[in-house]
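# Topology and contacts: notes
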Amino acid sequence: MKKSTYLVSSLLLIAPALVTAAVVQPAVAAPVAAQPSKIPTLLRDSAALAGAAAKAKVNTASPEARSLGISGNGRIGVQVYAAAPVTAQQEASLTSLGVSVLKNSADFKAVPGADLPTTGLLSTTVPYDKLDAVASLGWVSALRPSLRPAVDVGPIEAESVQLHKADLAQARGLTGKGQKVGAISGDVDHLAESIAQGELPADVQVLRQAAYDDDEGTAMLEIIHDIAPDAKLAYASTRDTTAEYVEAFHELANAGVTMIAEDIALDDEPAFQQGIGAATAEGLAAHGIWVSSSAGNLGGRHAPRVTAIGTGKGADGAVGPFTGCPNAVDNVVKLRGDDTTYDLNLLPGATVMPTLQWSEPRAVFPTAGQGGFTDLNLYLMDATGTKCLAASNAVQADGVGDTIEQFIYENTTGVAQPAKLVVDVQGTSSAKKAPVLDLRWRALSAGVQTIDPPERAGSMNPDSNYLGFATSAGAVNASTSVDPKTIALEAFSAAGPTQIITTTRCPGGKPGPCKGVSGPLSQSFPAPYWTASDGVSVSGVGPFGSGTCPTAVEGQCRFFGTSAAAPSAAGVAALTRQEFGGKIHPVVLNTILAARAVHRDGAAFGAGVLSAR
């Protein structure tokens, strides 16, 4: 599969072994900021690259540049967040700076009766030299890069039909009739080929499309159709930004879908809060539209969630001087037992995107305008622990500054490069106690090897932080077995629990600066809800999938990743909902599905392997 146009923090979940994404330039270290800023390091890096290219009159319209939201005319893609829907007057203040507003969440069509987020979110392009001017607008709470969502990875019948006992349900007349299932993914460019091959019905409703390089959306629809052949199908591409991802939910809901399967991963959505993606899905599920999301593929690229307490030492005990680092890396956190680093091995051309978040307010929904009290920095260091290869070091203090650090780094050395992920405590201002951190690293190309043992717990996609309405699906490999009692869990399949934690905040939840007070009681919810099949046979039009794709031969082209599990779960849910009258509320349907699931030991299985009988 071509991944060159899909590099992202918000990604669809192709199984790690299948990723072949394009590469980008190493992150450029940002200067030390004296005060918290609305502009993250990764966005500063994008502006620097765009500015250098514009001044040199170099064409930057490459896949690598597009992955950072950079266009060929010195503009960069920026997601602009605000605490309330952005007004026409506020839009005008942006356009006066030369900003192009591409999408405004205030324009999303409301879903009658559904309680959905009403925060402000704009998708824009900004001249590289106007970032500070945009950030200085009083109504702007945070800026984030526009990093394009990437996709996870007839006669052909998905093995999920047998594994989930859908064949037995179909024999009893259950076919999903009366349900309309919507899917959100990358694209369905070759949908007509799948229809011609007999894999999909001719009446699939495509609400909007995007020019991706494969047909993951088509494969998702094929899985749903195999399990629930009489369910109506609809599709909406996530397109390029978080704003458009949220809009896809609105569009499907207004098109009358009764169920939604989606496989987008938004790494920069809040890890310890319910961000706009999770809140939108939960709001629709509470309204009556059943939602199935992919759990995530970072079960093997995630650190334990630990308390961010500095040790007063360097990485693995290293002593300076530190070179190439914007700050001295001398107060690192223990990430696993007494180990203060996560060791990686980056093969030539390997590209990695680490993301660090912690349990203090984000500056985006649902705490737009708020910020952190503990100043954490994220580094990628060489094997000695004294040289920084990349860094993200935005400042957080006294309730100001977004609590996320993120960068993209490519190994351009031509040889394997040992590296260490390191979290350093730069300061604590008025934090009531040390926060819990979440550290994950996504491979944007092949060759990112994790040396230290990862921790699956807590590795769920942040946009799947669900608390009882919408659902998440882990993945079991149907290419090796269709016996729910013995089928293997995918090593990459993510697990919860979902943790909603705010260790310090401003009094009354007001924006900073302030002296911090303790946050509300934390919440924890098991995740994923259950597991469903991946490794299933698809037509592979596009081409899409692993193996010989496209194909008309069963078993030659397969769909791996929790992206396949989400539509598998939706198909089973469509059969079950029909069985119980067709209109039962998602919470009731979830209870039935969980009770029928074949129990397996281990939290990553959730309630177990889904069963339609």
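Attention in this report is confined to the structure presented alongside it.

Conventions we followed
Residues numbered from 1 in each chain as written. Predicted model: local features only at pLDDT ≥ 70, side-chain atom pairs only at ≥ 80, totals over all residues. Heavy atoms only, no water. Helix = DSSP H or I, 4+ residues; strand = E, 2+ residues; numbered from the N terminus. Rg over C-alpha atoms; globule rule 2.2 N^0.38 Å. Areas by Shrake-Rupley, 256 points an atom, 1.4 Å probe, with all protein chains shown as cover. Lys, Arg positive; Asp, Glu negative; His and termini not counted. Charge placed at Lys NZ, Arg CZ, Asp CG, Glu CD. Pairing = 2+ DSSP bridges. Axes fitted to C-alpha atoms, helices over the stretch in contact; angles between N-to-C directions. Contact = heavy atoms within 4.5 Å. Buried < 20%, exposed > 50% of the residue type's maximum accessible area, 1.4 Å probe, protein only. Core = buried A, V, L, I, M, F, W, Y, C linked by side-chain atoms within 4.5 Å. Disulfide = S-S within 2.5 Å. Phe/Tyr/Trp six-rings, centres within 6.5 Å; stacked < 30°, edge-to-face > 60°. Salt bridge = Lys/Arg side-chain N within 4 Å of Asp/Glu carboxyl O.

## A short note on the overall build of the protein
A tally of helices and strands in the protein yields 12 helices and 29 strands. Here the C-alpha radius of gyration of the protein, 23 Å, is about what a compact globule of 613 residues would show, namely 25 Å. In terms of principal-axis extent, the alpha carbons of the protein reach across some 70 × 50 × 50 Å. Of the roughly 19,700 Å² that the protein leaves accessible, carbon and sulfur atoms contribute 55%. Across the protein, the centroid of the 43 positively charged side chains sits 4 Å from that of the 56 negatively charged ones.

## Here's the deal with the sheet that holds strand S9 (residues 259-262)
Reading across the sheet, the 7 strands line up as S7-S8-S6-S9-S11-S21-S26 and stay open at both edges, with parallel pairing between neighbours. Either end of the sheet is taken by a strand with one partner, and the two such strands are strand S7 (205-208) and strand S26 (530-534). Averaged over neighbouring strand pairs, the angle between their axes works out to 30 degrees when direction is ignored. Taken together, the 4 bridges between S9 and strand S11 (residues 290-294) define a ladder with parallel strand orientation. From the neighbouring strand, Glu262 faces S11, where its bridge partner is Ser293. Against the sheet, helix H9 (residues 242-254) makes contact with strand S6 (180-185), S7, strand S8 (232-237), S9 and S11, and its axis sits at roughly 140 degrees relative to S7, the strand it touches most. Contacts from helix H12 (residues 586-596) reach S9, S11, strand S21 (471-477) and S26, with the element oriented near 55 degrees to S11.

## Quick notes on the environment of Ile260
Here Ile260 lies in strand S9. Here Ile260 falls in the buried class, since its relative accessible area comes to 0%. Between the C-alpha atom of Ile260 and that of Gly182, which follows or precedes it by 78 residues, the distance is 4.6 Å. Discounting residues that sit within four places of it in the chain, Ile260 has contacts with Gly182, Ile184, Phe249, Leu252, Leu284, Ile289, Trp290, Val291 and Ser292.

## A short note on the side chain of Ser194
Note that Ser194 resides in helix H7 (residues 191-196). The contact partners of Ser194, leaving out residues within four places of it in the chain, are Glu199, Leu200, Thr218, Glu222, Ser539 and Val541.

## Quick word on the sheet that holds strand S2 (residues 75-82)
Within the open sheet, the 4 strands sit side by side as S3-S4-S2-S5. Their pairing is antiparallel. Looking along the sheet, the strands with just one partner apiece sit at the ends: strand S3 (100-104) and strand S5 (140-145). Shown here is a sheet whose adjacent strand axes are inclined to one another by a mean of 30 degrees, direction ignored. Sheet topology places S2 next to S5; 5 bridges connect them, and they run antiparallel. Among the inter-strand pairings, Val78 is bridged to a residue of S5, identified as Pro145.

## Describing the nonpolar core
Judged by nonpolar contacts, the single largest core of 89 residues is most densely connected at Leu221, Ile260, Leu284, Trp290 and Phe559. Of all the elements, helix H11 (residues 562-579) adds the most residues to this core, at 8 residues. One finds Ala303, Leu335, Tyr342 and Ala443 within the second-largest nonpolar core, a separate group that totals 27 residues.

## Brief notes about the state of the cysteines
One pass over the full model with this rule turns up 3 disulfides. At a sulfur-sulfur separation of 2.0 Å, the disulfide partner of Cys325 is Cys388. Between Cys325 and Cys388 the disulfide shows an S-S torsion of about 100 degrees. By sign, it is right-handed. With Cys325 in the loop between S11 and strand S12 (342-346) and Cys388 in strand S15 (residues 388-392), the pair connects residues that are 63 residues apart, well separated along the chain.

## A short note on the packing of aromatic side chains
To describe a pair of aromatic rings, one takes the distance between the centres and the angle between the planes. Using the criterion set out here, one finds 5 aromatic pairs in the structure. In textbook terms, an aromatic cluster arises when at least three aromatic residues are bridged by ring pairs, as seen for Phe525, Tyr529 and Trp530.

## With respect to the environment of Val541
With respect to the element layout, Val541 can be found in the loop between strand S27 (536-537) and strand S28 (546-547). As for Val541 and Asp189, which are separated by 352 residues in sequence, their C-alpha atoms are 8.9 Å apart. Contact partners of Val541, with chain neighbours within four places excluded, come to His190, Glu193, Ser194, Asp215, Thr218 and Pro550.

## Some words on the pattern of salt bridges
One pass over the full model with this rule turns up 18 salt bridges. For the salt bridge of Glu159 with Arg558, the shortest nitrogen-to-oxygen distance reads 3.1 Å. Placement of Glu159 in the loop between S5 and helix H5 (160-163) and of Arg558 in strand S29 (residues 557-559) is noted, with a sequence separation of 399 residues between them. Taken as a pair, Glu159 and Arg558 share a single burial class, namely buried. When the shortest N-O distance is used, the salt bridge between Arg336 and Asp339 registers 3.3 Å.

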